[in-house]
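As a plain string of letters, each chain reads:
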Amino acid sequence: MPAAAPGNTLDPAQQALVDLVAGRPAAVRDWQAVILLARRNRVAAFLGSRIGQLSPSPPAEIARTLAMHHLATRAANRRLMAGLAAIGRQLAGLGLVAVPVKGASLILRLYPDPGQRSMSDLDLWVAGPDAGRARHALVASGLALDFPGDPPLSRFHHQMDLRLGCLEGRRPAWGHLPPLLLVDSDVKVEIHPSFDWHPRLLPPALTAAIWSRIQATPGWPGVAFLAPEDELRLLLAHLLYHAADGGLPLLLYLDLALAWGAPSWRSGGEDVDDPEARGALALAVAALGDPATAGGLGPAWPWRRLCLESCAAVGSSPSGAGEDGRWLVERWRMLGQVPGWGNRLRYLAGWLVPSPAFMRASLTADTPARLVAAYWRRLAGIVGRGLRGLLPSRGAGSR
C-alpha cells in the first residue's frame with residue numbers, strides 16, 4: 001500500500017479513506033468503517049461520484065450507499081444554488097453584492113460535479129455595514145426568516161449580537177450575523193461582514209484589496225466571486241482557524257488539494273509566506289494531490305487532525321499547547337468584541353455554563369447526576385485547555 005506521507009501513522013481505515021479520495025489503490029479491510037469515516041469527514045459524496053474509479057471496487061451494497069450520498073448531495077446543492085440566485089436577485093435591486101465563499105463558490109467553480117462537495121449552509125460575504133442591510137432586506141421581503149434550529153447557546157449569542165448592534169456595523173462576536181433560513185428552499189444562510197479568521201493571512205488591508213478584486217459573473221445578478229487566488233488564501237485561513245478546535249474533516253484538505261491543482265488558483269498558495277499555512281497546504285497536496293508540485297512549500301504538517309473529533313486520534317503529534325494557545329486567544333478576542341463589562345460577563349457565563357436545555361440536547365445528560373457530571377467535565381476541559389495555552393513551555397517539556 002503506498003504511503004501518503006512520510007511518518008504516516010493513520011490506522012488502516014483512515015489510510016484507506018485517504019487513498020480512495022486521492023485516487024490511489026487502497027487496502028480496505030472493513031468497508032463499513034471506511035464509509036463511517038467518509039461520512040464524518042464529509043467526503044462520502046465525493047467517493048460516490050467516482051465509484052467506477054475506486055480501487056478496489058466496493059461491494060454492491062457499499063456502492064449503492066455511496067451513490068445515494070452523491071445523488072442526495074447533488075439535490076441539496078441544487079436547492080442551495082437556487083437559494084443563492086434568489087438572494088442575488090433580491091440584493092441586486094438594492095445595489096448590494098453578495099460573495100459566496102467556501103462551499104458554494106467551490107461547487108460552482110472548482111468541483112467538476114456539483115454533487116461531489118457537501119455543504120451544510122450558504123456562507124455569504126457582504127462587506128461591512130451592507131451586511132446588516134442585506135440581512136434586513138432578505139427578512140423584510142419574506143425570502144428568509146430567523147433560523148429556528150440553533151441550539152440554545154447559539155441563540156443566546158446571536159441575540160446578544162443583535163442587541164449590541166451587529167446589524168449596524170459592529171462586528172458580531174461569532175464572525176457572522178445571526179443565521180437565516182430561506183423559506184422556499186430550507187437553506188441556512190450565514191452572512192459575514194468580514195473575514196478575520198487568521199490575522200496574518202487576512203489582515204484588514206488585504207481583506208479590503210480582496211474585496212476590490214471580486215468578479216461579477218454573467219447570469220448571477222447581485223452575486224460576485226472572489227478571484228481564484230484569493231479564494232485559496234481564504235480556504236487556508238478557514239482551515240487554520242478551525243484547527244484550534246481539534247479535528248478537521250478531510251473535505252477541507254480536499255478543497256485545498258483541488259485548488260492547488262488548478263493553475264489559476266495556485267498563486268494564492270505560492271504567495272503565502274506564513275509557515276503554518278504553507279505546511280497545511282503541503283499536507284493537503286501530499287495527502288490528496290500531486291506531491292511533486294508542492295516542493296517549494298516546505299515540510300508538511302505532521303499527519304494529524306484529518307478526522308473529526310469523534311474519530312480516533314490520527315497522527316503522531318497530539319494536540320499541543322500551540323493549538324490551545326490559539327484557541328484561548330480566539331476566545332479572548334471574541335470576548336473583547338463585546339462592549340461593556342456587564343455584557344461581557346453575560347457572554348462569558350453563557351459560554352462557561354450553558355443552559356440545561358443546551359446540555360441535554362448536546363450530550364447524553366438525561367438524569368440530574370449526568371447533567372452535573374457533564375457541567376464538571378465541560379468546566380474542567382475549558383480550564384485545562386486554558387492552562388495549557390497559558391503555559392506552552394511546560395506543555396512542550398512534558399512530551
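Here we summarise the structure given alongside this text. If you're wondering where the values come from, they're calculated on a predicted model, not measured in any experiment. (Residues numbered from 1 in each chain as written. Predicted model: local features only at pLDDT ≥ 70, side-chain atom pairs only at ≥ 80, totals over all residues. Heavy atoms only, no water.)

1. Remarks on the overall build of the chain
- What the chain contains, in helices and strands, is 17 helices and seven strands.
- Counting every position in the chain, which comprises 399 residues, the buried fraction comes to 50%.
- Considering only contacts in the chain between residues 6 or more positions apart, those separated by 24 or more positions represent 69%.
- With an accessible surface of roughly 17,900 Å², the chain has 59% of that area assigned to carbon and sulfur atoms. (Helix = DSSP H or I, 4+ residues; strand = E, 2+ residues; numbered from the N terminus. Buried < 20%, exposed > 50% of the residue type's maximum accessible area, 1.4 Å probe, protein only. Contact = heavy atoms within 4.5 Å. Areas by Shrake-Rupley, 256 points an atom, 1.4 Å probe, with all protein chains shown as cover.)

2. Here's the deal with the nonpolar core
- Counting residues in hydrophobic clusters, the biggest one holds 66 residues, and the most contacted among them are Leu17, Val21 and Leu288.
- Listing elements by their share of this core, those giving two or more residues are helix H1 (12–22), helix H2 (31–40), helix H3 (44–48), helix H4 (60–92), helix H9 (228–243), helix H10 (250–260) and helix H12 (275–288).
- Apart from residues no more than four positions distant in its own chain, Val21 is found in contact with Val43, Phe46, Leu47, Arg50, Leu250, Leu254 and Leu288.
- If you look at the next biggest cluster of nonpolar residues, it comprises 28 residues, including Ala104, Met119, Ala144 and Val223. (Core = buried A, V, L, I, M, F, W, Y, C linked by side-chain atoms within 4.5 Å.)

3. Quick look at the packing of aromatic side chains
- Within this structure, the stated rule accounts for two aromatic pairs.
- Where Trp125 meets Phe195, the ring centres are 5.4 Å apart and the plane angle is 80°; that geometry is what we call edge-to-face. Taken together, the residues span a long stretch of sequence, with Trp125 in strand S2 (residues 122–125) and Phe195 in the loop between strand S5 (188–192) and helix H8 (204–212) at a distance of 70 residues. The exposure classification of Trp125 matches that of Phe195, with both residues buried.
- The interplanar angle of 70° and the centroid separation of 4.9 Å between the aromatic rings of Trp125 and Trp211 together place this pair among those described as edge-to-face. Of this pair, Trp125 sits in strand S2 while Trp211 sits in helix H8, placing them 86 residues apart in sequence.
- For Trp125, a relative accessible area of 3% corresponds to the buried category.
- Each residue in the set Trp125, Phe195 and Trp211 is aromatic and connected to the rest through ring pairs, giving one cluster.
- One cation-aromatic arrangement involves Lys188 over Phe147; the distance from NZ or CZ to the ring centre is 4.7 Å. (Phe/Tyr/Trp six-rings, centres within 6.5 Å; stacked < 30°, edge-to-face > 60°. Lys NZ or Arg CZ within 6 Å of the ring centre and 35° of its normal.)

4. Things to note about the pattern of salt bridges
- Tallying each qualifying case throughout the model produces eleven salt bridges.
- Among the salt bridges present, the one from Asp130 reaches Arg133, with a minimum N-O distance of 3.4 Å. Taken together, the residues Asp130 and Arg133, both in helix H6 (residues 130–140) and three residues apart, mark about one turn of the helix.
- Take Asp130: its relative accessible area is 31%, and that puts it in the partly exposed class.
- A salt bridge links Glu190 to Lys188; its shortest N-O distance comes to 3.7 Å.
- Overall, Glu190 belongs to the buried group, its relative accessible area being 10%.
- Take Lys188: its relative accessible area is 19%, and that puts it in the buried class. (Salt bridge = Lys/Arg side-chain N within 4 Å of Asp/Glu carboxyl O.)

5. Regarding the pairing of S5
- For S5, the buried fraction is high: five of the five residues fall into the buried class.
- A two-sided burial pattern is seen for S5, the buried positions comprising Lys188, Glu190 and His192 on one face and Val189 and Ile191 on the other.
- Where S2 and S5 come together, four bridges link them in parallel fashion. Bridge pairing in S5 places Asp123 opposite Glu190.
- Here strand S4 (residues 180–182) runs beside S5; their pairing, made up of two bridges, is antiparallel. Within S5, the residue paired with Leu181 across the bridge is Lys188.
- Hairpin remark: S4 followed by S5, antiparallel, with five residues in the connecting loop; positive phi at Asp186, about 55°. (Pairing = 2+ DSSP bridges.)

6. A closer look at the sheet that holds S4
- Pairing in this open sheet of five strands is mixed, and the strands run S1-S2-S5-S4-S3 from one edge to the other. In this open sheet, the two strands that pair with only one neighbour each are strand S1 (99–100) and strand S3 (144–146).
- Docked against the sheet, H4 engages S1, S2, S4 and S5, running at close to 30° with respect to S2. (Axes fitted to C-alpha atoms, helices over the stretch in contact; angles between N-to-C directions.)

7. Comments concerning the side chain of Ser118
- Looking at the element boundaries, Ser118 is found in the loop between helix H5 (103–109) and S2.
- Overall, Ser118 belongs to the buried group, its relative accessible area being 16%.
- Once residues lying within four places of it in the same chain are set aside, the contact partners of Ser118 are Arg42, Thr73 and Leu251.

8. Thoughts on the environment of Leu143
- Along the chain, the position of Leu143 falls in the loop between H6 and S3.
- The spacing of Leu143 and Leu181 is 38 residues in sequence and 8.5 Å in space, taken between C-alpha atoms.
- Contacts of Leu143, omitting those with residues within four sequence positions, involve Ala86, Ile87, Gln90, Leu138, Leu181, Leu182 and Val183.

9. Some points on the packing of H9 against helix H11 (residues 263–270)
- Across the interface, H9 lies against H11 with an axial gap of 7 Å and an inter-helix angle of 50°. Relative to H11, H9 is oriented oblique. For the pair H9 and H11, the sense of crossing is right-handed. Between H9 and H11, the residues in contact are Pro228, Glu229, Glu231 and Leu232 and Ser264, Trp265, Arg266, Ser267, Gly268 and Gly269, respectively.
- When its residues are assigned to classes, the contact of H9 with H11 shows three nonpolar, four polar and three charged. (Parallel < 35°, antiparallel > 145°, perpendicular 65-115°, else oblique. Left-handed = near helix turned anticlockwise from the far one by under 90°. Nonpolar A, V, L, I, M, F, W, Y, C, P; charged D, E, K, R; others polar.)

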